[in-house]
Amino acid sequence: MNKQPGTRGLIFNEPQLWDKSRKGRCAVSLPIADVERCQLDASLVGESPELPQLSELDVVRHYTRLSQWNFGVDSGMYPLGSCTMKYNPKTNEVQAARQGFAGAHPLAGDEFSQGALKLMYDLEHLLGEITGYPAVTLQPAAGAHGELAGMLIIHAYHAKKGKQRSKIIIPDTAHGTNPASASLCGYESINIKSGEKGILEPAAVAAVMDEDTAGIMITNPNTLGLFEENIKEICQIVHAKGGLVYGDGANMNAIMGIVKPGHLGIDVLHLNLHKTFSTPHGGGGPGSGPVGVSEDLIPFLPIPRIEKDLTRYRFVTECPDTIGRIHTFYGHFGIMVRAYSYILSMGGRGLHRASQLAVLNANYIKESLKETLNLPYDRPCMHECVFNDKHQQVFHVTTMDMAKRLLDYGFHPPTVYFPLVVDAAFMVEPTETESKENIDQFIDAVKAIVREARETPELLKKAPLLTKVTRLDEVGAARKPCLRG
Amino acid sequence: MRYLPHTKEDIDEMLAKTGLASLDDLFKTIPDALKTKAPLNISEGLSEWDLNEHMEALASANIACKNYKCFIGAGSYDHYIPSIVPYLISRSEFATAYTPYQPEVSQGTLQGIYEFQTMITELLGMDIATASHYDCGTALAECALIALRKDRNASRIAVSSLVHPHHRQIMETYLHPAGYQMIQIPRTREGLTDLAALGAMEGIAGVAVQSPNFLGNIEDLSAFKAVADTKKILFIASFTESLAYGLLKNPGSCGADLVAGEGQSLGIAKGFGGPGLGLLAGTQKMMRNLPGRLIGKTKDANGDDGYVLTLATREQHIRREKASSNICSNNGLNAMTAAIYLATVGKIGIREIAQQNHDKAVYLKTALEKAGFEPVFDSPFFNEFVLKAPKGFARKRADLISKQCIFAGMDLEPYYPELKDHYLFCATETVSKNDMDQLAKEVQ
């Protein structure tokens, strides 16, 4: 067995900022005042906020130490299912930091923002080419925000048709954000179960689809990592009753250059630039959730839209059927710059190759571990595969125990207990940027842990042992919330 | 391609394990009719050096490529960013992690955001701040939804017409499909929200007021709270310039129940409007209604302090359709950036920077008035103000941008048609007396 990456190492304790604070310190050299001081009326002025008072080195050491308590893609393999934790290229950061982008004021005017407009216009078209849609908006700020935009578009479409509908179909493999987004539009979620093969059966959709149902929200490939083979038929069933099909494109990383969702009958699709298009996840954002739509839905896209007249680009707001504005300006432009850089760096062939290798890596893990862990759906998978703890239950070892133990081996655990359709799921998405050696090491680690589950189960109950803190009292945290220092 | 590590031998060995003959076979479960026939119509990948050239050409096509002077605010502000802020936030342990689902290896993000929550509650005088939202506009829309959901007898919310026009548009987008309405409170001749008009409004679940408002004027938030109390409705305060609260009485001390704000001024580049930072805060009573993530302090199995995501029962992954919001990813890295900025400037720095913003704005206003601009409102302001421009200014302004890279204020007419020839100016600590004197000379 290869030597595993997880080991002991010195890290540092670091108190909260205010414990280091000493009256009179300041980590910024303040600009010298060159104009007269003007006091506002005392009735308007408050106390100076009680922020910590630190020297520059205090601040640098504080955040350096904090960073060392974190695990990122740059630290090690991060096979978090459904999150596509691929490598975040460093050149993308350089591109986004260029003064012409980072320093641009959003209200400078079209004439003085041609570079930004051209980049956004071109990115819309690149994403349209990858997904098969004639129009894309970049405005949504995250995947869930893209879902909301998509549902608002569906809502606006039905309103325009003259009859609003009250329900939406959501399969059991959906992301939790799907029903939450739908309910923001006032739609009641109708949950349906996937079939024995882990994919949707057209009959299940036909049984609930009616003329009061706005449509269906489908993730394809789904959260079991399986391709919804009946997608075209399902789209036809929904369309026949006047409904629309919403596609959750969180898993687009499996099918670039292989399938274009826009050609399957999916009417609206959101993407996550922070998944498929390599922008950093940032410890929970900022992401970006562009939405592609079919021809009929273009009038409903959020404003402003970008248009090109010969060689000039401009923002357009006169769109009578638009759902309106969903972000203060144009969305997360800095994230768009990174994704655009990624697409240009990869090229069309590179993106196709990325999807092929993402699927190869997932299938390799599935085949390598299916004798070790229970695999509820033993079928060729897409970019991720879902196991569970069925074989370990006799030792009273759970998915959570194995996940925590993986930390000691130097791996970020997979997504656990999701999708809900698998009991105690252990959902692995390696992504294409992990090499065979890294994956072999991960496989060895899982096998070693499964052995430990049999031989020394009490060890797994205590895991992780090498991290800065051990398992945390989440119940206590929720019972007596302490949300500020 | 340098991001793809697989050698031909790797691929062959891995395929052998799967029992498949080729990479194409991996996609056998997808019916042929569903596959695309043509390869993606996207050119070959660029080398890093070709990419640099291409991107610099695009960046240079924005006026911002040069060392320009920005006298525009309106929701996106030019402030100094100390070099330690971008330096520290680019540590990839922060940038390349995801949501801290595994707290044992995410204590950096967790303690950092807990400290962010704490510093935001200090800045705003509120009990609780969330781990962030997308931007002020979306945070404000969520606050309106909280008020509307809490009050079963009202389906309308009163919103000041001096809330950022784009934020009002977002609210409209969010509220309309849920069957709610927004009614706008008119403004007074002094460029303030009309308190008396609010008094006359019935059937509302809450009131939202921005201060400093979109015209730069400071609102009397306590007075709105008093009216909200008589009506037994929630009072929501918003702001686009977070540094104002280094100087002004904070919304909490004026009685705000909920606060939505933009945190871009706290160390985050303007970046053509995003990503910024949505700030969302509430009183203790609002805790279970707040959307999005919250970090809480707890203990580990050894009794040591640690931090976790908490109160997840409000959230979409547990509550699904009954969640307080659909938000999942927020603007975490920018929240961390703001925390680093706040720790850097500290109690002394934020006060001095805020005061300098005000001083510069007063100086610029006086200088422009001497240059022929007319004063419009007599209300106190922070770092933005409105002036009526002399004849011919629009052309001068365009020339100043293209020839000298000076952005002299923003035309208000597109937002408030009755304010023809009125411009909204902003001065921050980044403009010097010389810059302002030069501007005044140019527009004379």
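How each quantity is defined
Residues numbered from 1 in each chain as written. Chains lettered and ligands numbered in written order. Predicted model: local features only at pLDDT ≥ 70, side-chain atom pairs only at ≥ 80, totals over all residues. Helix = DSSP H or I, 4+ residues; strand = E, 2+ residues; numbered from the N terminus. Contact = placed C-beta atoms within 7 Å. Nonpolar A, V, L, I, M, F, W, Y, C, P; charged D, E, K, R; others polar. Buried ≥ 20, exposed ≤ 12 C-beta atoms within 10 Å, placed from the backbone. Pairing = 2+ DSSP bridges. Domains from an automatic or database assignment.

Residue and element names in this part refer to chain B. Note on placement: S211 falls in the loop between β5 (204–210) and α9 (221–231). Along the sequence, S211 and N41 sit 170 residues apart, while their C-alpha atoms lie 49 Å from each other. Not counting chain neighbours up to four residues away, the residues in contact with S211 comprise I218, E219, L221, A237 and F239.

Taken together, the contacts link 168 residues of chain A with 165 residues of chain B. Where the side of chain A that touches chain B is concerned, the elements lending two or more residues are α2 (56–68), α3 (90–96), α4 (99–102), α5 (114–131), α6 (143–161), α7 (177–184), α10 (333–369) and α14 (474–479) of chain A. When residues of the side of chain A that touches chain B are assigned to their parent elements, the largest contribution, 24 residues, is made by α10(A). A breakdown of the residues in the side of chain A that touches chain B according to their chemical character gives 81 nonpolar, 59 polar and 28 charged.

All names here are of chain B. Burial of strand β12 (residues 384–388) is extensive: 4 of the 5 residues sit out of reach of the surface. One ladder, built from 2 bridges, connects strand β11 (residues 374–375) with β12; its direction is antiparallel. Looking across to β12, one finds that E374 is bridged to K388. Where β12 meets strand β15 (residues 422–426), 5 bridges bridge the pair, whose relative direction is antiparallel.

Much of the literature gives interface size as the accessible area that the parts lose upon coming together. All names here are of chain B. By domain assignment, chain B separates into domain 1 (63–82 + 348–443) and domain 2 (84–341). Using C-alpha coordinates to define each centre, domain 1 is positioned 27 Å away from domain 2. Contacts between the two partners involve 28 residues from domain 1, matched on the other side by 28 residues from domain 2. Those elements that provide at least two residues to the side of domain 1 that touches domain 2 are α11 (332–370) and β12. The element contributing the most residues to the side of domain 1 that touches domain 2 is α11, with 7 residues. Grouping the constituent residues of the side of domain 1 that touches domain 2 by class yields 15 nonpolar, 9 polar and 4 charged.

So, on to the domain arrangement of chain A. All names here are of chain A. Split by domain assignment, chain A resolves into domain 1 (1–28 + 46–69), domain 2 (92–344) and domain 3 (349–476). Placing the centre of domain 2 and that of domain 3 at their C-alpha centroids yields a distance of 30 Å. Counting from both sides, the interface comprises 20 residues of domain 2 and, opposite them, 18 residues of domain 3. Along the lines of polarity and charge, the residues of the side of domain 2 that touches domain 3 split into 10 nonpolar, 8 polar and 2 charged.

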